[in-house]
Amino acid sequence: MTYEMILTETPAPGVGLVRLNRPQALNALNGHITREIFEAMEAFDRDDSVRCMVLTGSDKAFAAGADIKQMEDMSAVDMFAGQDFTDWARLTRVRKPIIAAVSGWALGGGCEMAMMCDMIVASETAKFGQPEITIGIMPGAGGTQRLTRAVGKALAMEITLGNRHLTAQEALQYGLVNRVYPLDAYLNEAIELAKKIGGMPGVASVMIKDAVNKAYEMTLTEGLAFEKRNFYLLFGTEDKAEGMKAFVDKRPAQWKNK
Ligand code: DAK
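These numbers come from a predicted model, not from an experiment.

Conventions used here
- Residues numbered from 1 in each chain as written.
- Predicted model: local features only at pLDDT ≥ 70, side-chain atom pairs only at ≥ 80, totals over all residues.
- Heavy atoms only, no water.
- Helix = DSSP H or I, 4+ residues; strand = E, 2+ residues; numbered from the N terminus.
- Contact = heavy atoms within 4.5 Å.
- Near = heavy atom within 4 Å.
- Polar contact = N/O pair within 3.5 Å; in protein donor to acceptor, adjacent residues only side chain to side chain.
- Areas by Shrake-Rupley, 256 points an atom, 1.4 Å probe, with all protein chains shown as cover.
- Core = buried A, V, L, I, M, F, W, Y, C linked by side-chain atoms within 4.5 Å.
- Buried < 20%, exposed > 50% of the residue type's maximum accessible area, 1.4 Å probe, protein only.
- Pairing = 2+ DSSP bridges.
- Axes fitted to C-alpha atoms, helices over the stretch in contact; angles between N-to-C directions.
- Disulfide = S-S within 2.5 Å.
- Salt bridge = Lys/Arg side-chain N within 4 Å of Asp/Glu carboxyl O.
- Parallel < 35°, antiparallel > 145°, perpendicular 65-115°, else oblique.
- Phe/Tyr/Trp six-rings, centres within 6.5 Å; stacked < 30°, edge-to-face > 60°.
- Lys NZ or Arg CZ within 6 Å of the ring centre and 35° of its normal.

Participant: Can you break down the side chain of serine 123 residue by residue, with the values?
Facilitator: Position of serine 123 among the secondary structure elements: in strand 7 (residues 119-123). Residues in contact with serine 123, not counting those within four places in the same chain, are Val102, Ser103, Gly104, Ala168, Val180, Tyr181, Leu183 and Tyr186.

Participant: Tell me about the site of the ligand, and please be specific about residues and values.
Facilitator: By nearness alone, 23 residues border the ligand, and Ala64, Ala66, Ile68, Lys69 and Gly109 come closest of all. Between alanine 64 and the ligand, the recorded distance is 3.0 Å, taken from a backbone N or O atom to a nitrogen atom. The backbone of isoleucine 68 places a nitrogen or oxygen atom 2.9 Å from a nitrogen atom of the ligand. Notes on the ligand: free accessible area 1100 Å², of which the protein chains cover 66%.

Participant: If you had to explain the nonpolar core to someone new, which residues and values would you point to?
Facilitator: In this structure, Ile37, Leu55 and Phe128 are the most contacted members of the largest nonpolar core, which totals 49 residues. For this core, the element with the highest residue contribution is helix 1 (residues 31-46), accounting for six residues. If near-sequence neighbours (up to four positions away) are discounted, isoleucine 37 is found in contact with Ile6, Leu20, Leu29, Leu55 and Met113. The next biggest cluster of nonpolar side chains, apart from the first, holds 18 residues, and it includes Ala12, Cys52, Val54 and Ala101.

Participant: Tell me about the side chain of threonine 56, and please be specific about residues and values.
Facilitator: Tracing the chain through its elements places threonine 56 in strand 3 (residues 52-56). For threonine 56, the residues in contact, after removing those within four places along its chain, are Leu17, Val18, Arg19, Leu20, Phe62, Ala101, Tyr186 and Leu187.

Participant: Explain the pairing of strand 7 to me, using residue names and the numbers behind them.
Facilitator: Judged by how many residues are buried, strand 7 sits mostly within the fold: five of five residues are covered. Alternating positions in strand 7 separate into two faces, Met119, Val121 and Ser123 on one and Ile120 and Ala122 on the other, with burial throughout.

Participant: With reference to specific residues and values, describe the sheet that holds strand 6 (residues 105-107).
Facilitator: The mixed open sheet is built from four strands, whose spatial order is 4-6-8-9. Of all strands in the sheet, those with a lone pairing partner are strand 4 (61-63) and strand 9 (166-167), marking the two edges. In this structure, strand 8 (residues 127-129) lies alongside strand 9, joined through two bridges in antiparallel fashion. If you follow phenylalanine 128 over to strand 9, its bridge partner there is leucine 166. Docked against the sheet, helix 4 (residues 109-116) engages strand 4, strand 6 and strand 8, running at close to 90° with respect to strand 6.

Participant: Break down the state of the cysteines for me, citing the residues and quoting the values.
Facilitator: Simply put, the disulfide is a covalent bond whose two ends are the sulfur atoms of two cysteines. Applying the stated criterion to the full structure yields zero disulfides. Here cysteine 52 is not cross-linked by a disulfide; its sulfur's nearest cysteine counterpart is in cysteine 117, at 10 Å. Distance from the sulfur of cysteine 111, which forms no disulfide, to the nearest cysteine sulfur (cysteine 117) is 11 Å.

Participant: Break down the pattern of salt bridges for me, citing the residues and quoting the values.
Facilitator: Applying the stated criterion to the full structure yields 13 salt bridges. Two residues, aspartate 249 and arginine 251, come together in a salt bridge whose shortest N-O distance is 3.5 Å. Looking at aspartate 249, the relative accessible area reads 36%, which means it is partly exposed. The partly exposed category is assigned to arginine 251, whose relative accessible area is 32%. It is possible to trace a salt-bridge network through shared partners that takes in Glu242, Lys245, Asp249 and Arg251.

Participant: So what's going on with the packing of helix 9 (residues 202-217) against helix 10 (residues 220-234)? Which residues, and what values?
Facilitator: At their nearest, the axes of helix 9 and helix 10 sit 9 Å apart, and the two run at 175° to each other. One way to sum up the angle between helix 9 and helix 10 is to call them roughly antiparallel. Facing helix 9, whose interface residues are Val203, Ala204, Met207, Asp210, Ala211 and Lys214, helix 10 presents Phe226, Asn230, Leu233 and Leu234.

Participant: Can you lay out the packing of aromatic side chains for me, pointing to particular residues and giving the numbers?
Facilitator: Under the defined criterion, the tally for this structure stands at two aromatic pairs. Directly above the ring of tryptophan 105 sits lysine 127, whose terminal nitrogen or CZ lies 4.7 Å from the centroid.

Participant: How would you explain the sheet that holds strand 10 (residues 179-181) if you had to name every residue and give the values?
Facilitator: Taken in spatial order, the six strands of this open sheet run 1-2-3-5-7-10, and their pairing is mixed. The open sheet terminates on both sides in strands that have one partner only, identified here as strand 1 (6-12) and strand 10. Geometrically, the sheet is characterised by an average inter-axis angle of 20° between neighbouring strands, direction not taken into account. Helix-sheet contacts for helix 1 involve strand 1, strand 2 (15-20), strand 3 and strand 5 (98-102), and the interaxial angle to strand 1 is about 30°. Strands strand 1, strand 2, strand 3, strand 5, strand 7 and strand 10 of the sheet are contacted by helix 8 (residues 186-198), whose axis makes an angle of about 160° with strand 3.

Written out as structure tokens, the structure reads:
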């Protein structure tokens, strides 16, 4: 598969990397680049050799939001019925873990796309914000929902109503990001984290991601039942047998991801 606005690679064993590559527009997310991102992530999801993914942009911009030049002439019906701004949830249906490696601007849809990932590793220069109100609209891909769950109501109000940007350190303090590193290290650190996660038994990691995400969407009772179901299912995997035998034998486990 060849792409025009993204680059893909496998920088380490078990790791698939997607890099947004539209520098002239600070990786603004038009229909074309978002489709390529979703297709590439879904291809890695189907690829047995990949068990964790990294989604990144450039040092200057993860993504400065949805493409305002594309949206300028669009009506409500165009937005609702067209193909380009409907199914961003495709990213949330990727089953394997995804780490966003964020540097520079992560604004609007860029911040929302990072929040759709499972973890965020940031450079010290990362800036997170939801500036949609400054162009007369509001967040439409999770900026009022995922952000509020991550940082709490008071701060989410200030970010979405007052166009407050969060620095990387603030984002770390408020629980939006997992880790912050210097600019020259953040991507390698994200890849290292992905390598570590990708080295875990694959079926368990898919089921754990699934269960943690359910904590957002279910009551505690429903979530606990869902967790237990996945827990029991893992007792049917070869990796459960291998993992427990390896522990007893005092040797490293050899995962089959089955
Ligand atoms: N769209 C289009 N072009 C953009 C852009 C954007 N969001 N952001 C930057 N660019 C372009 C600029 O127009 C400029 O292009 P030229 O003029 O050179 O052709 C180039 O990138 C460099 O930008 P600047 O010259 O502005 O660079 P600065 O360093 O001075 O400023 C900035 C950087 C990030 C502060 C500034 O570019 C900026 O404010 N950008 C816009 C940020 C923004 O408002 N983002 C929110 C957009 S609304 C949904 C899915 C997604 C969304 C909604 C619904 N559904 C699934 C329903 C998302 C909506 C949004 O994100």
